[in-house]
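As a plain string of letters, each chain reads:
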Amino acid sequence: MDNNREFLMRRLHSLLGIIPIGLFLTQHLIVNHFATQGEEAFNTASHFMANLPFVIFLEIFVIYLPLMYHAFYGLYIAFTSKNNPGHYSYMRNMLFIAQRYTGVFLVVFIAWHVFETRFQVAIGNAAEADFNMMENILSNPWMLAFYIVGVLSATFHLSNGLWSFLVTWGITQSAAAQKNATYFTLLVFIVLSVIGIRALFAFV
Amino acid sequence: MGEAAKTVIFEIERRNSTDENSYWEKFELPYKMNMNVISALMEIRRNPVNMDGKKTTPVTWDMNCLEEVCGACSMVINGKARQSCTALVDQLEQPIRLQPMKTFPVVRDLVIDRSRMFDSLKKVKAWVPIDGTHDLGEGPRMPERKRQWAYELSKCMTCGVCLEACPNVNDKSDFIGAAPLSQVRLMNAHPTGAMNRDARLNAIMGEGGLASCGNSQNCVESCPKGIPLTTSIAALNRDTTVQMFRNFFGSDRMVD
């Protein structure tokens, strides 16, 4: 047991889930929320984000690389567990299973979401990821449902991931501290979900 | 007795050896007051006749202390891993289903081989080295309150229930499970044991060690001794965070 590669990879996986991916998700949902103030407000905010200096490097190092590492190593983690909800249906075990299901779903959802928006801009099929683009996508009720599930999976996965981040780095130790962290991360889930869902319905 | 004699029905998942397929066999026994799963298994051993009235081989199981301190008689009873000596028939739903803890190699019927747990204890150096070439004298004193706290961690009987309940201890992963990890915390808390704490922390930072925990927390819910296993894991997470930085930045500070 003298090889600590797995230890470092798991710690990196835990860290990247919060910094930068969790921070990026929060920022993304907040920028989306401009849609509730109308088409122009959203387009201005989206235009600003899409034209940040060195945006391609920001995207590669803050989004693509950390997200791909987290996604692919996460799939490995998800498929090496043997879920046992039946006789061990304790709350934390159910959240453990939900973390793995939402994680696998998010790999599919995010791949599709990036293909439909950012990738289309990159290959020149669309000038910019603007209000109209999202309005078109979400005009299909099936896509709207897909996006609602996607946003809720993401906010859940981040909130529950924040809880286990606090354990993984040894910040919350006692049962009481971990319980308080559960309440706190529940609040994070509710707040981020309201922001995300409000933004989605602003496009409908 | 005016009414018909009460009986108890057992369904037992059996197999003849590690490599053979398992099969279920039912047994119906006369009810006795205060009977537990072990006394029922003893009754089956005394008269190995299954519910179809056929004579069969006696069911084998492991046991030793019969008072829930040795851990040998652990098995899966009605879906949950626990000790069969403290599983009272009056408190169990019938038919009572007995299965071996299949996270471990099954030797025969309900007997399992828990060697991997003892190997893990060796891997994580879960002992206090006190041997020297000369008399080392007395070690540092341990505060009484700390001793009382550490006593709770020392109640671990290596029964394997926490490994059986854990979704991350399985044939696809080499995770050692909660029990040996908590022993690292116990040994590191001991004033003499703490002199080698870095060696234990580096051991659990290896393959299949601490990092493979997925925080499902089934271990702490299932532990028959009520050991705060998840607090142990989180505390070790903090210790290994510090150890990781010490290793990375090349500190040669080993012991406090």
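Residues numbered from 1 in each chain as written. Chains lettered and ligands numbered in written order. Predicted model: local features only at pLDDT ≥ 70, side-chain atom pairs only at ≥ 80, totals over all residues.

**Thoughts on the overall build of chain B**
Argument step 1. On a plain count of helices and strands, chain B comes out with eight helices and seven strands.
Argument step 2. Expressed as lengths along the three principal axes of its C-alpha atoms, the size of chain B is roughly 75 × 40 × 35 Å.
Argument step 3. With 256 residues in all, chain B has 40% of them scored as buried.
Argument step 4. Partitioning the contacts of chain B with sequence separation of at least 6, the portion at a separation of at least 24 is 63%. (Helix = DSSP H or I, 4+ residues; strand = E, 2+ residues; numbered from the N terminus. Buried ≥ 20, exposed ≤ 12 C-beta atoms within 10 Å, placed from the backbone. Contact = placed C-beta atoms within 7 Å.)

**Regarding the sheet that holds strand β4 (residues 80-83) of chain B**
All names here are of chain B.
Argument step 1. The five strands lie next to each other as β2-β1-β5-β3-β4, forming an open sheet whose pairing is mixed. Each edge of the open sheet carries a strand with a single partner, namely β2 (23-30) and β4. For this sheet, the mean angle separating the axes of adjacent strands, direction not counted, is 35°.
Argument step 2. Where strand β3 (residues 74-77) lies against strand β5 (residues 96-99), two bridges are found, and the strand directions are antiparallel. When the sheet's bridge partners are listed, I77 is paired in β5 with L98.
Argument step 3. Packed onto the sheet, helix α1 (residues 37-46) meets β1 (7-14), β2, β3 and β5 and runs at close to 95° relative to β2. (Pairing = 2+ DSSP bridges. Axes fitted to C-alpha atoms, helices over the stretch in contact; angles between N-to-C directions.)

**Considerations on the UniProt feature "transmembrane region" (unreviewed entry) in chain A**
Residues and elements named next belong to chain A.
Argument step 1. UniProt records the feature "transmembrane region" (unreviewed entry) for residues 12-30, 50-73, 94-115, 144-171 and 183-203 in the present numbering.
Argument step 2. Annotation note: span residues 12-30, helix share 100%, strand share 0%, distance between end C-alpha atoms 26 Å.
Argument step 3. Taken as a whole, residues 94-115 contains 100% helix and 0% strand, while its terminal C-alpha atoms sit 31 Å from one another. (UniProt positions renumbered as here; feature names shortened; annotations may be inferred.)

**Looking at the UniProt feature "binding site: heme" (unreviewed entry) in chain A**
Residue and element names in this part refer to chain A.
Argument step 1. Within this numbering scheme, the UniProt entry marks H28, H70, H113 and H157 as carrying the feature "binding site: heme" (unreviewed entry).
Argument step 2. Mapping H28 onto the fold places it in helix α1 (residues 5-32).
Argument step 3. With respect to the element layout, H113 can be found in helix α4 (residues 91-116).
Argument step 4. Among the residues examined, H113 registers 18 C-beta atoms within 10 Å and is labelled partly exposed.

**Things to note about the domain arrangement of chain B**
Residue and element names in this part refer to chain B.
Argument step 1. Entries for chain B in the domain assignment read domain 1 (7-112) and domain 2 (114-249).
Argument step 2. The C-alpha-based centres of domain 1 and domain 2 are spaced at 31 Å.
Argument step 3. Opposite the 13 residues of domain 1 that make contact, domain 2 presents 14 residues.
Argument step 4. Of all elements in the fold, only β3 and β4 reach the threshold of two or more residues within the side of domain 1 that touches domain 2.
Argument step 5. Broken down by element, the residue count for the side of domain 1 that touches domain 2 peaks at three residues, all from β4.
Argument step 6. Counted by class, the side of domain 1 that touches domain 2 contains seven nonpolar, four polar and two charged residues. (Domains from an automatic or database assignment. Nonpolar A, V, L, I, M, F, W, Y, C, P; charged D, E, K, R; others polar.)

**Let's talk about the confidence of the model for chain B**
Argument step 1. Looking at chain B as a whole, the pLDDT averages 94, with 98% of positions reaching at least 70.
Argument step 2. With pTM at 0.94, the complex prediction returns an ipTM value of 0.93. (pLDDT = per-residue confidence, 0-100.)

**Points about the nonpolar core**
Grouped burial of nonpolar side chains is what soluble globular proteins tend to show.
Argument step 1. Formed by 63 residues in total, the largest nonpolar core has its most connected members in C162(B) and I204(B).
Argument step 2. At six residues, the largest contribution of residues to this core is made by helix α5 (residues 178-189) of chain B.
Argument step 3. When residues of this core are assigned to domains, at least three map to each of domain 1 (7-112) and domain 2 (114-249) of chain B.
Argument step 4. Those residues within four positions of C162(B) in sequence are excluded, and the remaining contacts are G177(B), A178(B), A179(B), C219(B), S222(B), C223(B) and L229(B).
Argument step 5. Residues A35(A), L67(A), L106(A) and V151(A) belong to the second largest nonpolar core, which totals 17 residues. (Core = buried A, V, L, I, M, F, W, Y, C linked by C-beta atoms within 7 Å.)

**Describing the interface of chain B and chain A**
Argument step 1. On the chain A side, the residues contacting the 28 residues of chain B number 29 residues.
Argument step 2. The set of elements that each furnish at least two residues to the side of chain B that touches chain A consists of α7 (218-222) and α8 (229-248) of chain B.
Argument step 3. The element that contributes the greatest number of residues to the side of chain B that touches chain A is α8(B), accounting for six residues.
Argument step 4. Class assignment for the residues of the side of chain B that touches chain A results in eight nonpolar, 14 polar and six charged.

**Re α1(A)**
All names here are of chain A.
Argument step 1. Helix length check: α1 (28 residues) gives 38 Å between terminal C-alpha atoms against 40 Å at 1.5 Å per residue, within 8%.
Argument step 2. Along its length, α1 reaches its greatest deviation from straightness, about 40°, at I21.
Argument step 3. When α1 is considered as a whole, its buried residues turn out to be F7, H13, G17, I21, G22, L25, L29 and N32.
Argument step 4. Buried positions along α1 lie against α3 (55-79), α7 (141-168) and α8 (175-202). (Expected span 1.5 Å × (residues − 1). Bend = angle between axes of the 7 residues up to and from the residue.)

**Re the packing of helix α6 (residues 197-204) of chain B against α8(B)**
Residue and element names in this part refer to chain B.
Argument step 1. Across the interface, α6 lies against α8 with an axial gap of 10 Å and an inter-helix angle of 100°. For the element pair α6 / α8, the angle class is roughly perpendicular. Of the residues in α8, those in contact with D198, L201, N202 and I204 of α6 are L236, D239, T240 and Q243.
Argument step 2. The class makeup of the residues in the contact of α6 with α8 is three nonpolar, three polar and two charged. (Parallel < 35°, antiparallel > 145°, perpendicular 65-115°, else oblique.)

**Regarding the environment of V204(A)**
Residues and elements named next belong to chain A.
Argument step 1. Note that V204 resides in the segment after α8.
Argument step 2. In this structure the C-alpha to C-alpha distance between V204 and L144, which are 60 residues apart in sequence, comes to 8.5 Å.
Argument step 3. In this structure V204 touches L138 and L144, once residues within four positions along its chain are discounted.

**Quick word on unusual backbone geometry**
Argument step 1. P20(A) follows I19(A) through a cis peptide bond whose omega is 10°.
Argument step 2. Following the sequence through the fold, P20(A) ends up in helix α1.
Argument step 3. The backbone of N215(B) shows a phi angle near 60°, a positive value even though the residue is not glycine.
Argument step 4. In this fold, N215(B) is placed in the loop between α6 and α7.

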